[in-house]
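Chain residues, written in single-letter form:
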Amino acid sequence: MDFSIYRFNPETDSAPYMQDFTLADDLIEPGMMLLDALLLLKEQDDSLSFRRSCQHGVCGSDGMNINGVNGLACITPMKDLKAPIVLRPFPGMPVIRDLIVDMDNFYHQYREAEPWLVNDSPEPEVERRQSPEDRDRLDGLYECILCGCCSASCPSYWWNPERFLGPAALLQAARFIQDSRDQATEERLRRLDDAYSLYRCHGIMNCTQVCPKGLNPSKAIGDIRRTMIKRSV
Amino acid sequence: MKLTTRKFDALIIGAGGAGLRAALQLSNADARVAVVSKVFPTRSHTVAAQGGVNAALANVLPDSWHWHMFDTVKGSDYLGDQDAIEYMCRAAPKVVYELEHFGVPFSRLDDGGIYQRAFGGQSQHFGKEQAARTCAAADRTGHAILHSLYQQNLRARTHFFDEYFAIDLIKDDAGHVLGVVAFEILSGEPIVIEAKTTLIATGGAGQIFRTNTNALSNTGDGMAMALRAGVPLEDMEFVQFHPTGIAGRGMLITEGARGEGGFLINDQGERFMERYAPKAKDLASRDVVSRAIAIEVREGRGCGRNKDHALLDLRHLGADTIMKKLPGIREMSLTFLGLDPIEKPIPVFPTCHYSMGGIPTNRDGQVVVPMKDTPEDPVPGLYAAGETACVSVHGANRLGGNSLLDILVFGRAAANHILDYLEENRFHRPLHQGSVDQALARLARWDRKGDGEAVEPLRRELRKVMEDHCGVFRTAEVMQEGVTKLRALRERIDNAVIRDHSRTFNTARVEAMELENLMDCAMATICSALGREESRGAHSRMDFPDRDDERWLKHSLYSLQDDAMDYKPVRTQPVTVESFPPKERVY
């Protein structure tokens, strides 16, 4: 199986380049994931750099651009990939080295969404009650693993990464706006109510298409907009 | 070149559940706290915990912390320290309610209370009916907890050193721990972080075995750091093999799948657990279920072409329950097996999952070592919590749902003790340069160029040795051979080299240093296993098939110096209630 992989080491390379790798066919086992292959390629060349950890799609470390589409290497089956497999770092994010990108701005926008529960009522000694129906509204929102696949596929985020929060952070905003226990809804909506933070989303829906957890940031953003409009009339 | 030095009141190494729970407690108390993690915090392995966290809330069935304590002591095969177990089970409801207040999206019951499910080894009335004690957020409880804790730490403005690799502890001649020498993975630059207290919360060492449920980052870094600082590791022979890892792959299928009613079958379609545990059946303790599967396969009743696994059947639960309560399991089965558990059973086999042993601590999270007049003398300034530590609440076998509980209770307890310690120790002690230089030499060692073996093949060999020589069933002869092989490997690792010598985000160097840590943890495990001549909990000796309370109701202590073994008594006295004396263990 042939690979073409984006290489860049700021210490030695003046510009990035694509390098060919080959993985012998007898090393490819049924059910193999792309990450398994990458780990074998790293044995050929230990300078090949990428992040990875859990190997089953819950830690969100190994997001990258795989044959043109963002995804997690550890849950992308080799059998679904056309050769040569072209691997690049996330588009629109500064490259640190090879497939490793600088996610500082992504995390910054996450923090901007103030992704924590706010509830200033006196604290009961037991749990705060929440009906199963209210809890169901968090499904599809809380499962985000912060891999960055969505924001790194969003043209609006590419153009305005400092001012547009991006789909991942907005999904978090929606997660807390939807939470019946949270008391900061007004404040959350107010913070998003400018020309950029939320409204730079043009409904391109790349985010939803690439999310490896099957979440729908596009819908979450739409829901925030609707809530905002409802409040303003 | 001047070395960057930073100073904090409290340092935490590791940003999983234990580290983040401790950090939150400290930040909320206005201590200056730093968290060092080799991965971005939400990538820590707590994120992968599925089934839930135990607490006697009695939301579904009657329950009490005392029954929880009994189950935990029995589950530990009586090797757990009963003071720590009492403390943990009493604190459980409170830490779970706290989590709920932090925003964890627990699944809910019709009355709005936290959803609880049945898990293995749980009972009402001290060993009678099945209990339902495991609080769950679907089958993504670890994810829900880790993200909520990280979020609360953001709110509390905890200081994070993301993607920094801790090399070694700094320790002065008087035995005080003064912080850590680390390096920033991004730049390759070393950094000294001085702190009045250091909490190790680096998780387990599951990567010492070839097939495991763990993240690649679970390389026992903190355990190995402790060993190199002269702290022995406790009970390392007790490695939990989870009954239901995906056969041949290792991904975890939560015990919650059996808690919701799933069961195991062999090639005859027989529910074989009825033979091994007539009462608890598929919800017996993990050691019991894992051994049962291994025996079924060994006696020729395994499933599949190679008759090498059992099947976990969930079909009778119906699509609704599976989609609502086990959505992550279904997603994983579809991804890795191309199989929908609504329609087909899942192939499973016991898989290395959890280190019961670790850095010895008391129930305040202080690291304790044997001294002349006591087996448990605190190391000033050093704490440990979570899987990296051994309090010991899990003894010889951990109950499902008790690991998330462990990290929360003892992360919090350690933080509380640290706050007291900071009151009395207001100043940093002088830095110990010798200790810093030693750590820097460990880092520089990998700058060596020239010929030498590569890291990855050595790592693979190490994991294979452990699997072949220290697996579910053990004998002296096979383990002795394993020790010999590991000693040879240790020397080869000393001479290994990496090809990549750049500074920027050098993952080859990180992996090389992880290999050294794995080596120390593997040696601790096999030497402790060879030492213990009995079968207890997860430790099954074919040559010593019975538990031997007379000789072996004690904790093992492995020291790096000469691979020496030592032992210390079990703390059988609880805090307030009566001790549970060892009894035969049936489920």
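The rules we used
- Residues numbered from 1 in each chain as written.
- Chains lettered and ligands numbered in written order.
- Predicted model: local features only at pLDDT ≥ 70, side-chain atom pairs only at ≥ 80, totals over all residues.
- Heavy atoms only, no water.
- Pairing = 2+ DSSP bridges.
- Helix = DSSP H or I, 4+ residues; strand = E, 2+ residues; numbered from the N terminus.
- Axes fitted to C-alpha atoms, helices over the stretch in contact; angles between N-to-C directions.
- Parallel < 35°, antiparallel > 145°, perpendicular 65-115°, else oblique.
- Left-handed = near helix turned anticlockwise from the far one by under 90°.
- Contact = heavy atoms within 4.5 Å.
- Nonpolar A, V, L, I, M, F, W, Y, C, P; charged D, E, K, R; others polar.
- pLDDT = per-residue confidence, 0-100.
- Patch = residues over 30% accessible without salt bridge, like charges linked within 9 Å, V, L, I, M, F, W, Y side chains within 5 Å.
- Areas by Shrake-Rupley, 256 points an atom, 1.4 Å probe, with all protein chains shown as cover.
- Salt bridge = Lys/Arg side-chain N within 4 Å of Asp/Glu carboxyl O.
- Lys, Arg positive; Asp, Glu negative; His and termini not counted.
- Charge placed at Lys NZ, Arg CZ, Asp CG, Glu CD.
- Buried area = accessible area lost by both parts, 1.4 Å probe.

A look at the sheet that holds strand 10 (residues 233-234) of chain B
Residues and elements named next belong to chain B.
And step 1. Strand order in this open sheet of 3 strands is 10-21-22, and the pairing throughout is antiparallel. For this open sheet the edge positions go to strand 10 and strand 22 (564-569), each flanked by a neighbour on one side alone.
And step 2. When strand 21 (residues 554-559) meets strand 22, the two strands line up antiparallel, connected through 6 bridges. Note on strand 22: the bridge partner recorded for Lys554 is Pro569.

Let's talk about the packing of helix 1 (residues 17-28) of chain B against helix 4 (residues 141-155) of chain B
All names here are of chain B.
And step 1. Between helix 1 and helix 4, the least distance of the axes is 9 Å, while the angle of their chain directions is 30 degrees. With respect to helix 4, the element helix 1 is oriented roughly parallel. Like other packed secondary-structure pairs, helix 1 and helix 4 cross with a definite hand, here left-handed. Packed against helix 1, whose contacting residues are Gly17, Leu20, Arg21, Ala23 and Leu24, the element helix 4 presents Leu146, Leu149, Tyr150, Gln152 and Asn153 at the interface.
And step 2. For the contact of helix 1 with helix 4, the residue count by class is 6 nonpolar, 3 polar and 1 charged.

Considerations on the confidence of the model for chain B
And step 1. The pLDDT averaged across chain B works out to 97; a share of 100% of its residues lies at or above 70.
And step 2. Per the prediction output, this complex has pTM 0.97; the corresponding ipTM is 0.98.

Digging into a negative patch on the surface
And step 1. A surface patch of negative charge is lined by Asp2, Asp20, Asp25 and Asp26 of chain A.
And step 2. Looking at the element boundaries, Asp26 of chain A is found in the loop between strand 2 (17-22) and helix 1 (34-44).

Here's the deal with the interface of chain B and chain A
And step 1. Taken together, the contacts link 62 residues of chain B with 63 residues of chain A.
And step 2. For the pair chain B and chain A, the two sides together bury roughly 5,000 Å², of which 51% comes from carbon and sulfur.
And step 3. Looking at the side of chain B facing chain A, the largest losses of area belong to Arg43, His101 and Leu216 of chain B, adding up to 15% of the total buried there.
And step 4. For the pair chain B and chain A, the number of links is 11 salt bridges.
And step 5. A salt bridge links Lys324 of chain B to Asp136 of chain A; the shortest N-O distance between them is 3.1 Å.
And step 6. Listing elements by their share of the side of chain B that touches chain A, those giving two or more residues are helix 3 (82-102), helix 4, helix 10 (327-337), helix 13 (455-469) and helix 15 (507-531) of chain B.
And step 7. The greatest single-element share of the side of chain B that touches chain A, amounting to 8 residues, is contributed by helix 4 of chain B.
And step 8. When the residues that make up the side of chain B that touches chain A are grouped by side-chain class, the tally is 25 nonpolar, 19 polar and 18 charged.

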